[in-house]
Amino acid sequence: MLRVETNNLAKFVTEDEVKNIKPQLELAAQQLRTRISPGNDFLGWLDWPCDLEAVELERIKAAADEIRTQCEVFVVIGIGGSYLGAQAALSALGSTFPQLLNGAERGAPLVLFAGHHLSSRYMADLLDYLADKEVALNVISKSGTTTEPAIAFRLLRKFLVEKYGREEAMWRIYVTTDPNKGALRGFAATQGCTSFAVPSDIGGRYSVLTAVGLLPLAVAGVDVAALLAGAAAMRERLKDEKDDNPAYKYAAARNILLRKGYDIEILVSYEPGLYYLAEWWKQLFGESEGKNQRGIFPAAVNNSTDLHSMGQYIQEGRRALFETVLEIAEPGRDLSIPREDDDADQLNYLAERPLSEVNQGALEATVLAHVDGGVPNLRICLPKLDASTLGGLFYFFEYSCALSGLLNGVNPFDQPGVEAYKINMFALLGKPGYEAAGAELRNRLNGERV
Ligand code: PA5
């Protein structure tokens, strides 16, 4: 069962502060429950683990079975909330080296991602890699108009049509988009592609448990029913538990710390497979909370790797940081450290002990050192990482994020700020309708370059 431990906050947060913030948390929870919070037209994720109809889940699984017979490589095209959840779950639950396994060893197509940036080198390398493979695509965009995935889809669609001919190419394209509107919904309808819906009332970063995450994960062989069941169990727990509610504890601690000037939160993990979970978490909290000149800046480190880079700053740099350590009790796989007779490297004091014990030692030692250095520490503990506990963790973070945003007086479900760069990019690249803005920006650029 997921636990939030706050004993390493004692130096930084008082019991009174925790008591005083509780009514605000209960108000935020009530706003969510009664659907009167800001952004209340995007609360579909709250009940989604129970609302998803069995028939839709079966349709996703059936499509996944078809895709597994169709291809060796399944390319998922999307950006932000349209890819990070699937990438996070695949890295957390799958093999560390999926590319190095053959199909039989992996037991499923290799899932690769595209459309999450504009790198020409990445796309050219991807197209080269796909040339002699059997390929299927999943294009995911709720709006259907996001530039990065739209360009990747154009390139990969051309590749597919040239490789298989139009009719077969369309059979190999799976579309996940808004249920009723947008360019991709029209494309799926006219081309006869199999399609899935991102529910209208669920925003991208809250969509991992919809077809957005479920289809790629089912293709890769993840037990998506267990993922959803874990999320549903967490929903029950957070809805009813008042006194030891882990989401209340987490949201309370981070907001008390924010009000005391700790405005950078670092999500810390000790498992490379959790790198993308941290990327997903950064998007969830960053896009939800960072607005109206407010919000905690979400950062992440992957230890012990980053103890040899960011560790110095965290120990002794500017004191505005707090850490949330993600601790997984059972590592999944383990190794015993070998004994050597000559002990030339002086590691025999660790001989025959599990490597996971050394990793845990690094975690405990680091927490103590950072607390001594003035860095408040929270811990989110999971007994193990599997589809069910991960589903619970996704839901826990979504709910905690919504509570935190409401506590901090922002709408956690919109992202108006991401438009600014897009408008400039359209203007600079000459998109019709942006001519005047383009001329002004070019003048600014020329001026700045002189
Ligand atoms: O959380 C969000 O809504 C965003 O990060 C979107 O997921 C991201 O911008 C991609 O949008 P779309 O799915 O419309 O292409």
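Here the structure is a predicted model, which means the values were calculated and not measured. (Residues numbered from 1 in each chain as written. Predicted model: local features only at pLDDT ≥ 70, side-chain atom pairs only at ≥ 80, totals over all residues. Heavy atoms only, no water.)

A. The arrangement of the pattern of salt bridges in detail. Counted under the stated rule, the structure contains 26 salt bridges. With a closest N to O distance of 3.6 Å, Asp-178 and Lys-181 form a salt bridge. On the basis of relative accessible area, Asp-178 is assigned to the buried category, the value being 5%. Among the salt bridges present, the one from Glu-352 reaches Arg-339, with a minimum N-O distance of 3.1 Å. Note that Glu-352 is positioned in the loop between strand E9 (321-330) and helix H15 (355-372) and Arg-339 in the loop between E9 and H15, a separation of 13 residues in sequence. Looking at Arg-339, the relative accessible area reads 46%, which means it is partly exposed. The network of salt bridges with common partners includes Arg-35, Asp-47, Arg-235, Glu-236 and Lys-239. (Salt bridge = Lys/Arg side-chain N within 4 Å of Asp/Glu carboxyl O. Buried < 20%, exposed > 50% of the residue type's maximum accessible area, 1.4 Å probe, protein only. Helix = DSSP H or I, 4+ residues; strand = E, 2+ residues; numbered from the N terminus.)

B. Structural context of helix H9 (residues 183-191). For H9, every residue scored as buried is listed here: Leu-184, Arg-185, Phe-187 and Ala-188. Taken around the axis of H9, the buried residues stretch over an arc of 160 degrees, which confines them to a single face. Every exposed residue of H9 that faces more than 90 degrees away from the buried side is listed here: Ala-183, Ala-189 and Thr-190. In this structure, the buried residues of H9 make contact with strand E4 (135-140), helix H7 (147-164), helix H8 (166-171), strand E5 (173-177) and strand E6 (194-197). (Arc of directions from axis to C-beta. Contact = heavy atoms within 4.5 Å.)

C. Up close: the site of the ligand. Every residue close to the ligand is listed here: Ile-79, Gly-81, Ser-82, Ser-141, Lys-142, Ser-143, Thr-146, Gly-204, Arg-205, Gln-283, Glu-287 and Gln-415. Side-chain polar atom of Gln-283 to an oxygen atom of the ligand: 2.6 Å apart, as the coordinates give it. Coverage of the ligand by the protein amounts to 87% of the 380 Å² it exposes when considered alone. A majority-of-atoms criterion places the ligand in the second largest pocket. Grouping the constituent residues of the shell around the ligand by class yields one nonpolar, eight polar and three charged. (Near = heavy atom within 4 Å. Polar contact = N/O pair within 3.5 Å; in protein donor to acceptor, adjacent residues only side chain to side chain. Areas by Shrake-Rupley, 256 points an atom, 1.4 Å probe, with all protein chains shown as cover. 1 Å grid on protein atoms, 1.4 Å probe; cavity = no way out; pocket = protein on both sides within 12 Å on 5 of 7 lines; lining within 4 Å. Sits in = over half its atoms within 2 Å of the grid points. Nonpolar A, V, L, I, M, F, W, Y, C, P; charged D, E, K, R; others polar.)

D. Main features of a nonpolar patch on the surface. Taken together, Leu-118, Ile-151 and Leu-155 make up a surface patch of nonpolar side chains, about 250 Å² in accessible area. Mapped onto the secondary structure, Leu-118 falls in the loop between strand E3 (110-114) and helix H6 (120-130). Look at Leu-118 and you get partly exposed, because its relative accessible area is 48%. (Patch = residues over 30% accessible without salt bridge, like charges linked within 9 Å, V, L, I, M, F, W, Y side chains within 5 Å.)

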